[in-house]
Amino acid sequence: VVYEQEGVFIHSSCGKNDDQDNLISGVLRVIEKENEVIVDWRPLDDTLDTSNILCAGKDSSSVVEWTQTPKEKCSRGADRPSSYEAEWDMVTTVSFKKKPHSNGDATTHANGESKWSFLFSLADLKSIKQNKEGMGWSYLVFCLKDDVKLPALHFHHGDSKLLIKCLEKHVVLNESPQDKRVLLVNSQNKSLSQSFENLFDEPSYGLLQKLKKDPYTVTMGRFSKVTNYIFDSFRLSDPSSQRRPPSEMADFLNDAIPGLKINQQAEPGFEVITRIDLGKQPEVTRREPVSAEEWAKNMDSEGRILNVDYIKRLIFKGGLCHTLRKEAWKFLLGYFPWNSTKEERANLQKRKTDEYFRMKLQWKSVSEEQEKRNSRLRDYRSLIEKDVNRTDRTNKFYEGEDNPGLILLHDILMTYCMYDFDLGYVQGMSDLLSPVLYVMENEVDAFWCFVSYMDQMHQNFEEQMQGMKTQLIQLSTLLRLLDSGFCSYLESQDSGYLYFCFRWLLIRFKREFSFQDILRLWEVMWTELPCQNFHLLLCCAILESEKQQIMEKHYGFNEILKHINELSMKIDVEYILCKAEAISMQMMNCKELPQAVSEILGIESSSVTPDSDTGEDESGAVLSCPTSSYQSISTPVIAANGTRDSTQQTSETQSLTPA
């Protein structure tokens with residue numbers, strides 16, 4: 001539900017004052033579904049059961065208090081985390097109470113007012129007629145494409161402008177030349193075909209300024225809905241009579257993020273990469289996820305990991321079974337040191353619990369008056385609340401409008417603002433936190449894992465965007481080596497800047513894969529195998545998979561952008577992991593790998609002499625790389641007693657040293 005308004009009346013018998021039913025009060029909603037947007041009005045008797053609606057209130061200290069009906073308290077009370085220190089209970093306690101609702105006990109009238117209920121898809125909407133200014137209550141009349149006119153809706157508890165603004169996010173509305181009160185729905189527009197003006201709720205000039213000022217919000221919130229029609233609407237002219245001039249949109253995007261130059265031949269200091277034959281991509285297979293038994297076998301009696309490299313290889317090749325994630329992610333993210341004992345980790349958690357709740361108490365103790373004087377904290381809270389409300393609800397952990405999972409998501413992000421007040425909160429961070437919190441099921445552990453993740457990702461969210469610029473340039477370098485022809489085609493279509501990969505890089509594919517698939521993808525990436533910047537090779541793998549369709553169908557700039565965005569939730573994670581690994585092996589096995597590529601991947605290729613039986617560098621660290629399949633890496637098997645079985649060896653290895 002993206003819009004909801006009570007006190008919206010149908011005047012069923014205007015002018016007949018003796019008719020007691022001449023005013024029918026109802027609720028108007030706009031509902032987003034998978035492939036359409038629905039407008040729904042129904043009398044109060046027919047509204048949804050509100051017994052499960054939760055609400056938030058604030059006490060005098062501005063600590064959020066969540067309450068629910070008494071009969072639900074007993075079932076919910078046992079869910080509160082019990083592992084936290086007792087002195088932090090006053091910060092942690094979550095309680096519930098049902099939101100009072102005026103129509104919750106309404107009964108259905110015998111005369112059947114439900115006959116006035118209606119709903120329709122925005123795709124069927126032809127026009128909207130508004131009332132004259134200053135003529136009593138504001139009202140709207142919806143006219144559908146089959147010329148059916150629905151009953152006028154009178155807004156007794158507020159005007160209709162908010163509804164119009166909501167609808168403009170999904171359809172293009174233009175004033176009728178014959179009657180300024182009539183808003184016509186543009187016939188060329190569909191649910192996801194919107195002009196730039198309506199994508200950003202601003203005129204074109206405002207859009208350009210906003211994209212320059214805050215490309216994260218613009219890209220995260222809107223680029224996924226861009227289609228062919230936006231370019232014509234961007235010029236605020238008749239789309240049927242004009243074509244987009246070459247390079248218009250590419251120049252616009254380049255202006256939006258100044259300093260980003262992908263064409264390396266034009267940049268001093270860049271290595272010109274000539275066409276290099278990388279050879280055929282090797283066949284790559286993946287294994288089953290690491291089991292609890294395999295994990296336990298690789299631990300000594302005090303809880304130390306016996307062979308970190310071995311475990312990382314297993315995770316890279318197959319991921320983790322879900323029951324292991326809560327423990328293993330803490331190591332992968334750097335919250336737990338790999339060489340720590342079980343006792344050392346318990347002590348660390350205790351210290352981190354105290355530290356976390358001290359920071360949480362800082363913002364919980366801020367009064368409303370204090371917050372009014374602190375614009376940054378106020379802005380952080382506002383951004384967080386908006387993003388939390390947009391959290392992916394396909395996972396049961398975050399189902400419902402207000403539940404403990406969403407509350408903890410909000411609290412952890414607010415506490416992170418205390419931890420790193422300079423960076424604060426930037427849109428997209430909630431995407432990185434939600435899977436971590438889901439896996440940890442623990443506020444403190446989720447926070448510190450998130451802190452570790454942000455240590456890796458913070459450059460993506462810094463004001464100057466240097467991290468994003470660098471990654472887009474590096475991605476272009478890798479893609480050019482992999483397929484210079486495809487790169488040239490993208491450049492010919494004004495797509496060489498690879499802006500359509502911005503969201504992939506910003507939040508590590510969070511919105512491109514299903515919730516369960518992103519858990520697998522992230523844990524594989526966190527192993528930091530088989531090279532640096534493996535996420536860039538994942539981008540290459542996805543783009544190479546779509547190359548044939550893009551080139552054979554002669555997609556232009558806007559078709560490419562639309563096609564890439566529509567890949568969301570349609571990508572096979574295991575296939576892409578195999579393909580990215582194969583690409584890494586192609587590049588690592590290349591004898592003439594360009595220096596720029598070696599530096600991006602963090603490797604230096606060197607031939608291995610026939611009598612070399614180890615892949616050790618001068619420091620003694622084993623940095624071997626496969627020539628055909630990652631499974632062929634020398635992988636000692638840890639027996640139950642902790643001894644190593646080194647019978648599995650490879651005949652060919654390639655020595656790698658960090659760049």
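Our subject is the structure listed above.
This structure is a prediction, so every number in the text was calculated from the model and none was measured.

### Some details on the overall build of the protein
- When helices and strands are tallied, the protein shows 25 helices and 15 strands.
- When the 659 residues of the protein are sorted by exposure, 50% land in the buried category.
- The long-range share in the protein, meaning contacts at least 24 apart out of those at least 6 apart in sequence, stands at 69%.

### Quick word on the environment of Glu491
- Examined against the element boundaries, Glu491 turns out to sit in helix α19 (residues 484-492).
- Sequence spacing of Glu491 and Phe557 is 66 residues, and the spatial spacing of their C-alpha atoms is 9.4 Å.
- Dropping the residues within four chain positions of it, Glu491 is found in contact with Arg480 and Gly496.

### With respect to the nonpolar core
- Met429, Phe461, Phe509 and Met587 are the most contacted members of the largest nonpolar core, which has 125 residues in total.
- A domain-level breakdown of this core finds at least three residues from each of domain 3 (320-460) and domain 4 (466-601).
- Counting residues in hydrophobic clusters, the runner-up holds 28 residues, among them Tyr3, Val37, Leu140 and Leu167.

### Examining unusual backbone geometry
- Cis geometry marks the peptide bond from Leu529 to Pro530, where omega comes out at 0°.
- The backbone phi angle of Met465 is positive, close to 60°, even though this residue is not glycine.
- In this fold, Met465 is placed in the loop between α17 (443-457) and α18 (466-482).
- For Met465, a relative accessible area of 5% translates into the label buried.
- Positioned with a positive phi, Asn533 is a non-glycine residue whose angle comes to about 55°.
- Inspection of the secondary structure puts Asn533 in the loop between α21 (515-525) and α22 (534-552).
- The exposure class of Asn533 is partly exposed, given its relative accessible area of 22%.

### Some words on the packing of aromatic side chains
- Counted according to the given criterion, the structure contains 24 aromatic pairs.
- Centroid distance Tyr419 to Phe447: 6.0 Å. Interplanar angle 85°. Geometry classified as edge-to-face. Note that Tyr419 is positioned in helix α15 (residues 404-419) and Phe447 in helix α17, a separation of 28 residues in sequence.
- Within the aromatic cluster, the residues linked to one another by ring pairs are Tyr356, Phe357, Tyr416, Tyr419, Phe447, Trp448 and Phe450.
- When the ring centre of Trp448 is taken as origin, the NZ or CZ atom of Lys352, which lies over that ring, is 4.1 Å away.

### What about the side chain of Ser584?
- When you line up the elements, Ser584 lands in helix α24 (residues 573-588).
- The exposure class assigned to Ser584 is buried, which follows from its relative accessible area of 1%.
- Within polar-contact distance, the side chain of Ser584 engages the backbone oxygen of Glu581 at 2.5 Å.
- When residues no more than four places from it in sequence are discounted, the contact partners of Ser584 are Pro530, Cys531 and Leu537.

### Things to note about the pairing of strand β8 (residues 138-144)
- Counting buried residues in β8 gives 6 out of 7 residues, a clear majority hidden from the surface.
- As defined by bridge partners, β8 adjoins strand β9 (residues 153-155) across 3 bridges and the pair is classed as antiparallel. Bridging from a neighbouring strand, Leu140 pairs with Leu153 of β9.

### Some remarks on the sheet that holds strand β10 (residues 173-175)
- Spatially, the 9 strands line up as an open sheet ordered β6-β3-β2-β1-β9-β8-β7-β11-β10, and their pairing is antiparallel. Each having just a single partner strand, β6 (118-121) and β10 make up the two edges of the open sheet. Strand-to-strand, the axes of this sheet are offset by a mean angle of 30°, without reference to chain direction.

### With respect to α19
- Those residues of α19 not exposed but buried are Phe486, Cys487, Tyr489 and Leu490. Taken around the axis of α19, the buried residues stretch over an arc of 160°, which confines them to a single face.
- Just beyond α19, the residue with positive phi is Asp494, at close to 60°.

### Considering the pattern of salt bridges
- What the rule picks out here adds up to 27 salt bridges.
- A salt bridge links Arg325 to Glu523, with the shortest nitrogen-to-oxygen separation between them at 2.8 Å. Taken together, the positions of Arg325 in helix α11 (residues 322-332) and Glu523 in helix α21 put the pair 198 residues apart, joining distant regions of the chain. Glu523 matches Arg325 in its accessibility class, with the two residues each being buried.
- Look at the salt bridges and you will find they share partners, linking Arg286, Arg325, Arg520, Glu523 and Glu574 into a network.

### Comments concerning the environment of Ile276
- Along the polypeptide, Ile276 turns up in the loop between α8 (248-256) and α9 (292-297).
- Sequence separation between Ile276 and Asp483 is 207 residues, and the spatial gap between their C-alpha atoms is 9.3 Å.
- Setting aside anything within four residues of it in sequence, one finds Ile276 in contact with Leu481, Cys590, Glu592 and Pro594.

### Looking at α21
- Burial within α21 is extensive, with 9 of its 11 residues counted as buried.
- Taken residue by residue, α21 has Phe515, Ile518, Leu519, Arg520, Leu521, Trp522, Glu523, Val524 and Met525 as its buried positions.
- On its buried face, α21 is in contact with α10 (308-318), α11, α16 (429-440), α17, α22 and α24.

### A closer look at the pairing of strand β3 (residues 37-43)
- Buried residues dominate β3, accounting for 6 of its 7 residues.
- Looking at chain direction, strand β2 (residues 23-32) and β3 are connected through 7 bridges and run antiparallel. In the sheet register, Gly26 faces β3, and the bridge partner there is Pro43.
- Hairpin remark: β2 followed by β3, antiparallel, with 4 residues in the connecting loop.

Rules used throughout
Numbers given to residues run from 1 along each chain, matching the order in which its sequence is written. Residues qualify for local features only when their pLDDT is at least 70, as the model is predicted, and side-chain atom pairs are given and counted only at 80 or more; totals for whole chains, interfaces and linings, by contrast, use all residues. Side-chain measures were taken over the full set of non-hydrogen atoms in the model, leaving aside hydrogen atoms and water. Helix and strand definitions follow DSSP, with helices as H or I runs of at least four residues and strands as E runs of at least two, each counted in order from the N terminus. Remark: exposure states derive from per-residue accessible area (1.4 Å probe, protein chains only) relative to the maximum for the residue type, with buried under 20%, exposed over 50%, and partly exposed in between. Contacts are assigned to residue pairs that have any heavy atoms within 4.5 Å of one another. Side-chain atoms within 4.5 Å link the members of a nonpolar core, which is a set of buried Ala, Val, Leu, Ile, Met, Phe, Trp, Tyr and Cys residues. Domain boundaries shown here were taken from an automatic or database domain assignment. Each Phe, Tyr or Trp ring, with Trp reduced to its six-membered ring, pairs with another whose centre is within 6.5 Å; inter-plane angles below 30 degrees give stacked pairs, above 60 give edge-to-face pairs, and intermediate values give tilted ones. Working rule: Lys NZ or Arg CZ, within 6 Å of ring centre, within 35 degrees of ring normal, means a charge sits over the ring. Pairs of N or O atoms are called polar contacts if they sit within 3.5 Å, as long as, within protein, a hydrogen donor faces a hydrogen acceptor (for residues adjacent in sequence, only side-chain-to-side-chain pairs). The rule for pairing is simple: two strands pair if DSSP sees at least two bridges between them. Fitted lines through C-alpha atoms give the axes, limited to the stretch in contact for helices. The angle between two N-to-C directions lies from 0 to 180 degrees. Directions drawn from the helix axis to the C-beta atoms are what define this arc. A pair is scored as a salt bridge if a Lys or Arg side-chain nitrogen falls within 4 Å of a carboxyl oxygen belonging to Asp or Glu.

Just distances and angles here, no functional claims.
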